[in-house]
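# Secondary and tertiary structure notes
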Amino acid sequence: MRRSGVDIIYQSANITKDVERDKLEFTYTDNATGRADDVSLTIKDDAGKWISSWAPKAGDTIRPILWTKDWNREGDSARLDCGIFMVDEVQYAGPPRTVIIKATSTPANTDFMHTPRSDVWDGASVKEIAQTIAGNAGLRLVFDSKADPIHDFLEQSEESDASFLYSVCQRNGLAMKLYNKRIVIFDEVIYESRKPVLTLEEKDMLKWSCGSSLTDSGYDGCRTVYVDMATGGLIEYLYRIPGRRGNKIYHVNDECLTIAEAERLAKASVREKNKSEFTFSCSVPGNLSLVSSQTVNIRGFGKFDGKYYIDRVSRKLGSGLVTSLDMHRTLGGY
């Protein structure tokens, strides 16, 4: 008989048995880039302890571990360590009394996410900037990219470290996520090129939806233009996607001090736009092996068949375990 559950480590103490009978629902969202991972735990509170003596505090840590047993065959088991999360929101309701504990993979006990900062970066690479910011936030940096672009000049002006670092990664075509007290920066193009971990057909899915963007997507290239108002100097670059012959060109007007910087911005910008050209979402029972940034094959859906990159995985544990995927069709190496 299939079974699924979640072990809860709260403030380094295993409280699984304490909450098992009262646990109503658990969700875990794993994002490939751009957003922090998050978890939510809904618990009955008939005795009122979660609103008094057990009341969660901002910055408390939660480490959930999802598990399945006898899922595909007798004796089959799997575990997924979701990582360490910081409590950032608590909601109470009734009757009956319930508490919803929400936590995020961002470091709630630092000013990494919200405190505006101003700084100047001269001749610094993306990795050097990220290493400094990670150190200030008490986080470990995992930098998984062969490319490490150097900027002659970058200004952080009244912007949080998290927002600034994400924008630096984004304009250089790199992905960034927060996981288990780490800042992870990686080359999404390389991850998209990896072999699919499995093939999904309609028979494997509980439900599905797919679509294509016909207006603000499907670009053939990107033109970046920047005029330095102080000097009148012009930086301009046109990037055409290899193999595309059309003239649907996306235009970006943003600060670029070199042609190399303009080229990176053009490639990153058109790639981000074209992610919405073909999208696919589905939910499947169980399956703890799927994580964001993997690829899967979709088969049996006509023009939507192909290789897809997982942008987001959301798992919901209530009466059973359901895994939901949001994906875009891989872009072919640009």
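From a predicted model like this one, the values you see are computed outputs, not experimental measurements. (Residues numbered from 1 in each chain as written. Predicted model: local features only at pLDDT ≥ 70, side-chain atom pairs only at ≥ 80, totals over all residues. Heavy atoms only, no water.)

### Details of the side chain of Ser 105
Along the polypeptide, Ser 105 turns up in the loop between strand S8 (98-104) and strand S9 (117-125). The exposure class of Ser 105 is buried, given its relative accessible area of 7%. Once residues within four sequence positions are removed from consideration, Ser 105 is found in contact with Ala 36, Asp 37, Ile 84, Phe 85 and Leu 178. (Helix = DSSP H or I, 4+ residues; strand = E, 2+ residues; numbered from the N terminus. Buried < 20%, exposed > 50% of the residue type's maximum accessible area, 1.4 Å probe, protein only. Contact = heavy atoms within 4.5 Å.)

### Overview of the pairing of strand S3 (residues 23-31)
Of all 9 residues in S3, 7 are buried, a share of seventy percent or more. As paired strands, S3 and strand S4 (residues 38-44) are joined by 6 bridges and run antiparallel to one another. From the neighbouring strand, Glu 25 faces S4, where its bridge partner is Thr 42. Connecting S3 to the antiparallel partner S4 that follows it, the hairpin turn spans 6 residues, and Gly 34 within it adopts a positive phi of roughly 90°. In the sheet, S3 pairs with strand S21 (residues 306-317) via 6 bridges, with the strands oriented antiparallel. From the neighbouring strand, Asn 31 faces S21, where its bridge partner is Arg 312. (Pairing = 2+ DSSP bridges.)

### Quick look at the nonpolar core
With 24 residues, the main nonpolar core has Phe 26, Tyr 28, Ile 43, Trp 50, Ile 62, Leu 66 and Ile 101 as its most contacted residues. At the level of secondary structure, the elements contributing two or more residues to this core comprise strand S1 (3-10), S3, S4, strand S5 (61-69), strand S7 (85-93) and S8. In contact with Leu 66, other than residues within four places in its own chain, are Gly 5, Val 6, Phe 26, Tyr 28, Ala 78, Arg 79, Leu 80, Cys 82, Leu 288, Arg 315, Leu 317 and Leu 321. Ranked by size, the runner-up nonpolar core spans 23 residues in total, among them Trp 121, Ile 133, Cys 169 and Leu 174. (Core = buried A, V, L, I, M, F, W, Y, C linked by side-chain atoms within 4.5 Å.)

### Looking at the sheet that holds strand S16 (residues 221-227)
Pairing in this open sheet of 3 strands is mixed, and the strands run S17-S16-S18 from one edge to the other. This sheet does not close on itself; its edge strands, each paired only once, are strand S17 (234-240) and strand S18 (249-252). Each strand axis lies, on average, 15° off the axis of its neighbour in the sheet, ignoring direction. As paired strands, S16 and S17 are joined by 7 bridges and run antiparallel to one another. Bridged to Val 227 within S17 is Leu 234. Running at roughly 45° to S17, helix H5 (residues 259-274) makes contact with S16, S17 and S18 of the sheet. (Axes fitted to C-alpha atoms, helices over the stretch in contact; angles between N-to-C directions.)

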